[in-house]
Amino acid sequence: KAQTNQFHIVFFYNMKKGQDYGPSKDINTWETFICVASAGSISGAWGLCNTDAANISRTISSLEKSLGNVKLFNRSTRPFTLTESGKIALEYARQ
């Protein structure tokens, strides 16, 4: 819970300042994130993202690390569901 709250504070602070959060991830990173969120799984996103599952997994892991080691998805559920941090990141990604 503390990790999520810290993510929200930093994320919104940087958005308010008009800055991108964390490293400026390219559009493909955010598109991959949206694909996984829409598909509910990495294997399901494979067809949407036009890349292989291993690359999708690496991209999501890299994004999570760059955002302060937050988890964007609950991977224990099928389909994947977004964490609170994931919901905020998805809102940002869709802008």
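Residues numbered from 1 in each chain as written. Predicted model: local features only at pLDDT ≥ 70, side-chain atom pairs only at ≥ 80, totals over all residues. Heavy atoms only, no water.

Caption draft 1: Local environment of the overall build of the chain. Within the chain, the regular secondary structure consists of five helices and two strands. In the chain, buried positions account for 40% of the 95 residues. Nonlocal contacts in the chain, meaning residues at least 24 apart in sequence, comprise 56% of its contacts between residues at least 6 apart. Entry remark: accessible area of the chain is about 5700 Å², with carbon and sulfur atoms responsible for 51%. (Helix = DSSP H or I, 4+ residues; strand = E, 2+ residues; numbered from the N terminus. Buried < 20%, exposed > 50% of the residue type's maximum accessible area, 1.4 Å probe, protein only. Contact = heavy atoms within 4.5 Å. Areas by Shrake-Rupley, 256 points an atom, 1.4 Å probe, with all protein chains shown as cover.)

Caption draft 2: Representation of the nonpolar core. Within the largest apolar cluster, 20 residues are counted, with the highest numbers of intra-cluster contacts made by Trp 30, Phe 33, Val 36, Ile 56, Leu 72 and Phe 73. Where this core is concerned, the elements lending two or more residues are helix H2 (27-39), helix H3 (42-49), helix H4 (53-66) and helix H5 (84-93). If near-sequence neighbours (up to four positions away) are discounted, Ile 56 is found in contact with Thr 32, Val 36, Ile 42, Ala 45, Trp 46, Cys 49 and Thr 51. (Core = buried A, V, L, I, M, F, W, Y, C linked by side-chain atoms within 4.5 Å.)

Caption draft 3: Structural view of H3. Residues of H3 that are buried: Ile 42, Ala 45 and Cys 49. The buried residues of H3 occupy one face: seen down the axis, they fall within an arc of 55°. Of the exposed residues in H3, those oriented more than 90 degrees away from the buried face are Ser 43, Trp 46 and Gly 47. Along its buried surface, H3 packs onto H2 and H4. One or two positions beyond H3, positive phi appears at Asn 50, with a value near 60°. (Arc of directions from axis to C-beta.)

Caption draft 4: Region of the structure containing the pattern of salt bridges. In the structure shown here, the tally under the stated rule is two salt bridges. Across the salt bridge formed by Glu 64 and Arg 75, the nearest N and O atoms sit 3.0 Å from each other. With a gap of 11 residues between them, Glu 64 in helix H4 and Arg 75 in the loop between strand E1 (73-74) and strand E2 (81-82) connect regions that are remote in the sequence. Among the residues examined, Glu 64 registers a relative accessible area of 4% and is labelled buried. (Salt bridge = Lys/Arg side-chain N within 4 Å of Asp/Glu carboxyl O.)

Caption draft 5: Spatial organisation of the environment of Leu 82. The residue Leu 82 is located in strand E2 in this model. Sequence spacing of Leu 82 and Leu 72 is 10 residues, and the spatial spacing of their C-alpha atoms is 5.8 Å. If we ignore the near neighbours within four places in the chain, the residues touching Leu 82 are Phe 33, Ala 37, Leu 72, Phe 73, Asn 74, Lys 87 and Leu 90.

Caption draft 6: View of the packing of H2 against H3. Packing of H2 against H3 brings their axes to within 8 Å, and their N-to-C directions diverge by 125°. Classified by the angle their axes make, H2 and H3 are oblique. Here the hand of the crossing between H2 and H3 comes out right-handed. Residues Thr 32, Cys 35, Val 36 and Ala 39 of H2 form the contact with H3, whose own contacting residues are Gly 44, Ala 45, Leu 48 and Cys 49. The residue inventory of the contact of H2 with H3, partitioned by class, reads six nonpolar, two polar and no charged. (Axes fitted to C-alpha atoms, helices over the stretch in contact; angles between N-to-C directions. Parallel < 35°, antiparallel > 145°, perpendicular 65-115°, else oblique. Left-handed = near helix turned anticlockwise from the far one by under 90°. Nonpolar A, V, L, I, M, F, W, Y, C, P; charged D, E, K, R; others polar.)

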